[in-house]
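Survey of secondary and tertiary structure
Chain by chain, the residues:
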Amino acid sequence: MPDSQPRRPDDNAPDSADAATPAGPPALVLGGARLVDGRAVDVRLSGSRIEAVGTAGSLTARGPRVDLRGYLLLPAPAEAHAHSDVALTADSAGPDSPGPASHRTEDIQRRATEAALLQLGHGATALRAHVRVGDVRGLAPLEAVLQTRRALRGLTDVLPVAVPRLLTGIAGADSLAMLRDAVKMGAAVVGGCPDLDPDPTGYTEAVLEIAAEHGCPVDLHTDGDDPTRLARLASMAAGLRPGVVLGPCAGLAHLPLDAATRAADRLAAAEITVVCLPQGGCAGSERRTTAPVRLLRSAGVRVAAGGGALRDTANPVGRGDPLEAAYLLASQAGLRAEQAYDLVSTAARGALGLPDVRVEAGFPAELLAVRGERLAAALSLGYSRVVVHRGRIVARTSAVREYCDSDTDAAAGSGGLPRQGRPDPGPGPRN
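As a convention, each chain's residues are numbered from 1 in the sequence order in which they are written. In view of the model being predicted, local features appear only for residues whose pLDDT reaches at least 70, and side-chain atom pairs are presented and counted only at 80 or more, with totals across whole chains, interfaces and linings using the full set of residues. Values shown for side chains rest on all heavy atoms present in the structure; no hydrogens or waters enter the calculation.

Observations concerning the overall build of the protein chain
Secondary structure assignment for the protein chain yields 13 helices and 17 strands. A simple rule labels every residue: compare its accessible area, found with a 1.4 Å probe on the protein chains alone, to the largest value its type can have, and call it buried under 20%, exposed over 50%, or partly exposed in between. Residues classed as buried in the protein chain amount to 53% of the 431 residues present. The contact criterion used is simple: two residues touch if any of their non-hydrogen atoms lie within 4.5 Å. Here the contacts in the protein chain between residues at least 6 apart in sequence split such that 74% fall between residues at least 24 apart. For helices the rule is a DSSP run of H or I covering at least 4 residues; for strands it is a run of E covering at least 2, with both sets numbered from the N terminus onward.

Notes on helix α6 (residues 227-237)
Here α6 has its buried residues at Leu230, Leu233, Ala234 and Ala237. End-on view of α6: buried residues confined to an arc of 100°, all on one side of the axis. Across from the buried face of α6, at angles greater than 90 degrees, the exposed residues are Thr228 and Ser235. Pairing of N or O atoms within 3.5 Å defines a polar contact, subject to two protein rules: one partner must be a possible hydrogen donor and the other a possible acceptor, and residues neighboring in sequence count only if both atoms are side-chain atoms. Capping the start of α6 is the job of one residue whose side-chain oxygen sits 3.1 Å from the backbone nitrogen of Thr228: Asp226. Once α6 finishes, Gly239 follows within two positions and takes phi at roughly 80°, a positive value. The reported arc concerns the directions from the helix axis to the C-beta atoms and nothing else.

Notes on the pattern of salt bridges
Oppositely charged side chains are able to pair whenever their charged atoms sit close together. We define a salt bridge as a side-chain nitrogen of Lys or Arg found within 4 Å of a carboxyl oxygen belonging to Asp or Glu. Scanning all chains against the criterion turns up 22 salt bridges. In this structure, the salt-bridge partner of Arg229 is Asp226, at a minimum N-O distance of 3.9 Å. Arg229 sits in the partly exposed class, given a relative accessible area of 28%. The exposure class assigned to Asp226 is partly exposed, which follows from its relative accessible area of 29%. With a closest N to O distance of 3.2 Å, Arg319 and Glu324 form a salt bridge. Arg319 gets classed as partly exposed once you look at its relative accessible area, which sits at 40%.

Concerning the side chain of Gln119
For Gln119, the position within the fold is in helix α2 (residues 105-122). Look past the residues within four positions of Gln119 in its chain and what remains in contact with it is Glu79, Ala82, Ala124, Leu127, Leu310 and Gly320.

Quick notes on the pairing of strand β12 (residues 244-248)
Taking burial as the measure, the five residues of β12 include five buried ones, the bulk of the element. Pairing geometry for strand β11 (residues 218-222) and β12, over five bridges, is parallel. By the bridge assignment for β12, Thr222 is matched with Pro248. Taken together, β11, α6 and β12 constitute a β-α-β crossover, and its handedness is right-handed. In short, DSSP must find at least two bridges between two strands for them to pair. Bridge analysis of β12 against strand β13 (residues 273-276) gives two bridges, and the strand direction is parallel. Each bridged residue has a counterpart across the sheet, and for Val245 the counterpart in β13 is Thr273. In this fold, the crossover linking β12 to β13 by way of helix α7 (residues 257-269) has right-handed handedness. Consider the strands pointing away from the viewer: the crossover is right-handed when the path from the first strand over the helix to the second runs clockwise.

Printed below as a string of structure tokens:
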């Protein structure tokens, strides 16, 4: 009998997947997957939700059945901090570069689409894309990312953030008008970098005012290295709905402990979420360190983790891989594997305002299967992955490592070494 029968999760947030695809994909059974608690289960998907979860072999398939024995099944990650408009531009910098990256709308869209698909292959079924608006490029980068969002609908959810450079004084007047236009165009979130404006307080006031006018979330870049400025920002943003996110806040790690603790207490009181970037900086921050995650969590701050730069000039080797972000949190920030993965999955989805995901009946079918028996092993060597978005498999990555014979085996003709580490037929339909 199934361990988990159909029910709705305990949240009232509408599921856009249900509205966009009322019929949904055909029923799909993920067979023999292992959960983090050690159970081997079958999971049946119907439409964009999990219909039932039962012990391995207990659920019948009304459609395809995918063998996931040897895979760990997890709630899918979400990319909480990407810079899609400048992704994959690292080769445009340096002495051997072919020249500056093209900023034509079609070229930005091409790079943004490739970046989103790379991140989808890593497992992220939703991403928040910070996009620069204003200056000489106007709204072209945002239009490019909006085109990417439309092109990838059904594969991944792209949530653009409009990020103006200046908003105060004579220089900021045009950007302020353009920010309002960006929201009307379809920017899902109002963002920015107060630290770069001559009047950070005025900049923040402008962002919060526009967000309140349109009922948009706010996602601001800040290093967080000025306690007074951070306290003022927290006071201004306190209680704003649908919520305020700050990141990457790496400067908090460079403050004296007592100052950092007071700042964390203020952020917690204001119910602000902090998105840290374990893999390095991004286009909105030059620091390469990570926010003090354990200190923030101990103060009660909601903390999520993102990828930041994806092979742009801010981090030419940025990978945008949520599992790598979780690995770094576990190996360097001292979090347990389960805590680290939560920051790139459940906490990241919360930062984006998305419904919670659990491998239980009634929850959204946003899932990631990773080759491995335990979560720590998956974070260490989880190369083979199967990604499920809105109830259907949207990406697969299969890694096969092969070895030649050793000199001893070759001489003896025994062929004793396996050609790969373990038998892996790969996930796929089974009859």
